[in-house]
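Each chain is listed here by its residues.
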Amino acid sequence: QVQLVESGGGAVQSGGSLSVSCEVSGSTLDLDYYCMGWFRQAPGKEREGVSCICTKARITYYADSVKGRFTMSRGFGDNTMYLQMNSLKPEDTAVYYCARADSGHGCSYTGIRGSQYDYWGQGAQVSVTS
């Protein structure tokens, strides 16, 4: 059974940094064989794709709203994905979700497709105050 469990997040003032982790368990293959994505949803707003990576295809994508501030990475030798968030803004306030896409079509150089992701974490709250 595939499970994604997020941890981290929290509250910080504008300009600060936070990170969110996503531990993936129950995968048949190494995490590099899947596309992994980070999404967020603010109250009253639609879900937004933040970042994704397909390691085997050498594809990484960041939404314009976070480019240069957020970094998605994988832990060395484990099945944990990280989202490092720097220079945070109040508009970054949202619940952040990690997800795994088994099809390989969830991430491209131009965007991230939430409908292609098969497994989702429970979410981690990130709050940024001005």
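Rules used in this analysis
- Residues numbered from 1 in each chain as written.
- Predicted model: local features only at pLDDT ≥ 70, side-chain atom pairs only at ≥ 80, totals over all residues.
- Heavy atoms only, no water.
- Helix = DSSP H or I, 4+ residues; strand = E, 2+ residues; numbered from the N terminus.
- Rg over C-alpha atoms; globule rule 2.2 N^0.38 Å.
- Buried < 20%, exposed > 50% of the residue type's maximum accessible area, 1.4 Å probe, protein only.
- Contact = heavy atoms within 4.5 Å.
- Areas by Shrake-Rupley, 256 points an atom, 1.4 Å probe, with all protein chains shown as cover.
- Lys, Arg positive; Asp, Glu negative; His and termini not counted.
- Charge placed at Lys NZ, Arg CZ, Asp CG, Glu CD.
- Pairing = 2+ DSSP bridges.
- Axes fitted to C-alpha atoms, helices over the stretch in contact; angles between N-to-C directions.
- Disulfide = S-S within 2.5 Å.

## Quick notes on the overall build of the chain
Of the regular secondary structure elements, the chain holds 0 helices and 11 strands. When the helices and strands of the chain are listed from N to C terminus, the series reads β-β-β-β-β-β-β-β-β-β-β. The globule rule puts the C-alpha radius of gyration for 130 residues at 14 Å, and the 14 Å found for the chain is close to it. Counting all 130 residues of the chain, 45% fall into the buried class. Taking as baseline every contact in the chain between residues at least 6 positions apart, the subset at least 24 positions apart corresponds to 59%. On the chain, roughly 6800 Å² of surface is accessible, and the fraction owed to carbon and sulfur atoms is 46%. When the 11 positive and 12 negative side-chain charges of the chain are each reduced to one mean point, those points stand 5 Å apart.

## Description of the sheet that holds strand β3 (residues 18-25)
On the basis of which strands lie adjacent, the open sheet formed by 4 strands has the order β1-β3-β8-β7 and antiparallel pairing. Both edges of this open sheet fall to β1 (3-8) and β7 (70-74), since each of them pairs with a single strand only. Each neighbouring strand pair of the sheet contributes to a mean axis angle of 15°, computed without reference to strand direction. As defined by bridge partners, β7 adjoins strand β8 (residues 80-85) across 5 bridges and the pair is classed as antiparallel. Each bridged residue has a counterpart across the sheet, and for F70 the counterpart in β8 is M85.

## Let's talk about the state of the cysteines
Two cysteines, two sulfur atoms, one covalent bond between them: this is a disulfide. Tallied over the full model, the rule gives 3 disulfides. With its sulfur 2.0 Å from that of its partner, C22 forms a disulfide with C98. Taking the sign of the S-S torsion, about 65° here, the bridge from C22 to C98 comes out right-handed. Separated by 76 residues along the polypeptide, C22 in strand β3 and C98 in strand β9 (residues 94-101) bring together distant segments of the chain. Looking at C22, the relative accessible area reads 0%, which means it is buried. Judged by its relative accessible area of 1%, C98 falls in the buried class. Each disulfide pairs two cysteine sulfurs, and for C52 the partner residue is C107, the sulfurs being separated by 2.1 Å. As the torsion about the S-S bond is roughly 80°, the C52-C107 disulfide counts as right-handed. Pair noted here: C52 is in strand β5 (residues 48-54) and C107 is in the loop between β9 and β10 (119-120), with a separation of 55 residues, a long-range link. You can call C52 buried: its relative accessible area is 0%. For the chain, the disulfide bridges join cysteines in the arrangement 1-5, 2-4, 3-6, where the cysteines are counted in sequence order.

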